[in-house]
Amino acid sequence: MHVLVVEDEKKTANFIAKGLKEQGFVVDVVNNGDEGYHLATTEPFDAIILDIMLPGRDGLSIVRNLRERHNHVPVILLTARSELNERVEGLNLGADDYLTKPFYIEELTARLHSLIRRSAGESSNLLRAGDLRVDLVTREIKRGDREITLSPREFSLLEYLMRSPGRVLTRTQICEHVWNYHFDPDTNVVGVYIQRLRAKIDADEEVKLIETVRGVGYRIKEPKS
Ligand code: CA
């Protein structure tokens, strides 16, 4: 999942970016409000983490302007303990949630997952395909009774595939979504990671869930139940 962080305190921004990347998020960080607003209106993010006091456009103006443009990307405001009025105003303007600094990264990721889920209209933490279950909050993965351990990047790839069951995702889409860079036709990074996922998820199973669509990309098969 692709998250934009708009925060001018370098230390806080780095702490958030590092923590979210470790959890498998793809993160863009900018340090001023004008740049943040520009990115938020030109690129699709799954969520925005937004400081209130920023050089350039401030966080509250960004929320107001996004909502005026009918951009409903989930927004979490970062506020100082003293910014009670701003916090309330932010929620009234259409922010979805707020966190008071300092906070634990676990709390931020839990709120992010819950917001992204809500905005995708999902009612549960669980993604399923056949007997494969992925819990987005605890990050537990099970195929039947067998527990599966994935690296953060493998987890992101599996999550991306499982959010669109049955749909073929191209290597370009996967690269941009999971690696956050534009597709280099010479790289086989997607193929390598698909192989790793297969080894962990499909290798000893009768029903193979990860399907290659030749010349196009990959998809998670939805087995008939
Ligand atoms: Ca600030």
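Residues numbered from 1 in each chain as written. Predicted model: local features only at pLDDT ≥ 70, side-chain atom pairs only at ≥ 80, totals over all residues. Heavy atoms only, no water.

Observations regarding the coordination of the calcium ion
At the metal site, the calcium ion is ligated by Asp8 (OD), Asp51 (OD) and Met53 (O), and these contacts range over 2.1 to 2.4 Å. One chain supplies every donor for the calcium ion, spaced along it as D-x42-D-x1-M. Of this pair, Asp8 sits in the loop between β1 (2-6) and α1 (10-22) while Asp51 sits in strand β3 (residues 47-51); the two residues are 43 residues apart in sequence, bridging distant segments of the chain. Residue class for Asp8 comes out partly exposed when judged on its relative accessible area of 30%. Judged by its relative accessible area of 3%, Asp51 is buried. (Donors = N, O, S within 2.8 Å, 3.2 Å for Na, K, Ca; no water. Helix = DSSP H or I, 4+ residues; strand = E, 2+ residues; numbered from the N terminus. Buried < 20%, exposed > 50% of the residue type's maximum accessible area, 1.4 Å probe, protein only.)

Concerning the sheet that holds strand β10 (residues 169-170)
As summarised here, the arrangement of the three strands in space is β10-β12-β11, forming an open sheet in which the pairing is antiparallel. Edge strands, defined here as strands with exactly one partner in the open sheet, are β10 and β11 (210-213). Direction of pairing for β11 relative to strand β12 (residues 217-220): antiparallel, over a ladder of four bridges. The residue bridging Thr212 from the neighbouring strand is Tyr218, located in β12. Across the sheet, helix α8 (residues 189-201) is in contact with β11 and β12; its angle to β11 comes to roughly 150°. (Pairing = 2+ DSSP bridges. Contact = heavy atoms within 4.5 Å. Axes fitted to C-alpha atoms, helices over the stretch in contact; angles between N-to-C directions.)

Structural notes on the packing of helix α3 (residues 59-68) against helix α4 (residues 84-93)
Viewed as axis vectors pointing N to C, α3 and α4 meet at an angle of 10°, and their least axial separation amounts to 9 Å. Here α4 runs roughly parallel to α3, going by the angle between their axes. Residue-level inspection shows Leu60, Val63, Arg64 and Arg67 of α3 in contact with α4, the latter providing Glu86, Glu89, Gly90 and Leu93. Taken together, the residues of the contact of α3 with α4 sort by class into three nonpolar, one polar and four charged. (Parallel < 35°, antiparallel > 145°, perpendicular 65-115°, else oblique. Nonpolar A, V, L, I, M, F, W, Y, C, P; charged D, E, K, R; others polar.)

A closer look at the packing of aromatic side chains
The description of an aromatic ring pair rests on the distance of the ring centres and on the angle between the ring planes. This model, assessed by the stated rule, comprises two aromatic pairs. With a centroid separation of 6.0 Å and 50° between ring planes, the pair formed by Phe15 and Phe103 is classed as tilted. Pair noted here: Phe15 is in helix α1 and Phe103 is in the loop between β5 (97-100) and α5 (105-119), with a separation of 88 residues, a long-range link. A relative accessible area of 38% places Phe15 in the partly exposed class. What makes Phe103 buried here is its relative accessible area of 10%. With a centroid separation of 5.1 Å and an interplanar angle of 75°, the aromatic rings of Trp179 and Tyr193 are classed as edge-to-face. Residue Trp179 is found in helix α7 (residues 171-179), and its partner Tyr193 is found in helix α8; the two are separated by 14 residues along the sequence. For the residue pair Trp179 and Tyr193, the accessibility class agrees, reading buried in each case. The ring of Tyr37 carries Arg57 above its face, with NZ or CZ at 4.0 Å from the centroid. The ring of Phe155 carries the charged tip of Arg139 above its face, separated from the ring centre by 3.8 Å. (Phe/Tyr/Trp six-rings, centres within 6.5 Å; stacked < 30°, edge-to-face > 60°. Lys NZ or Arg CZ within 6 Å of the ring centre and 35° of its normal.)

Description of the side chain of Arg87
With respect to the helices, strands and loops of the structure, Arg87 is situated in helix α4. Although buried, Arg87 forms no salt bridge, and the nearest oppositely charged side chain, Glu83, lies 6.5 Å from it. Engagement of the side chain of Arg87 in a polar contact is seen with the side chain of Thr79, the distance being 3.2 Å. Look past the residues within four positions of Arg87 in its chain and what remains in contact with it is Ile52, Thr79, Ala80, Arg81, Tyr98 and Thr100. (Lys, Arg positive; Asp, Glu negative; His and termini not counted. Salt bridge = Lys/Arg side-chain N within 4 Å of Asp/Glu carboxyl O. Polar contact = N/O pair within 3.5 Å; in protein donor to acceptor, adjacent residues only side chain to side chain.)

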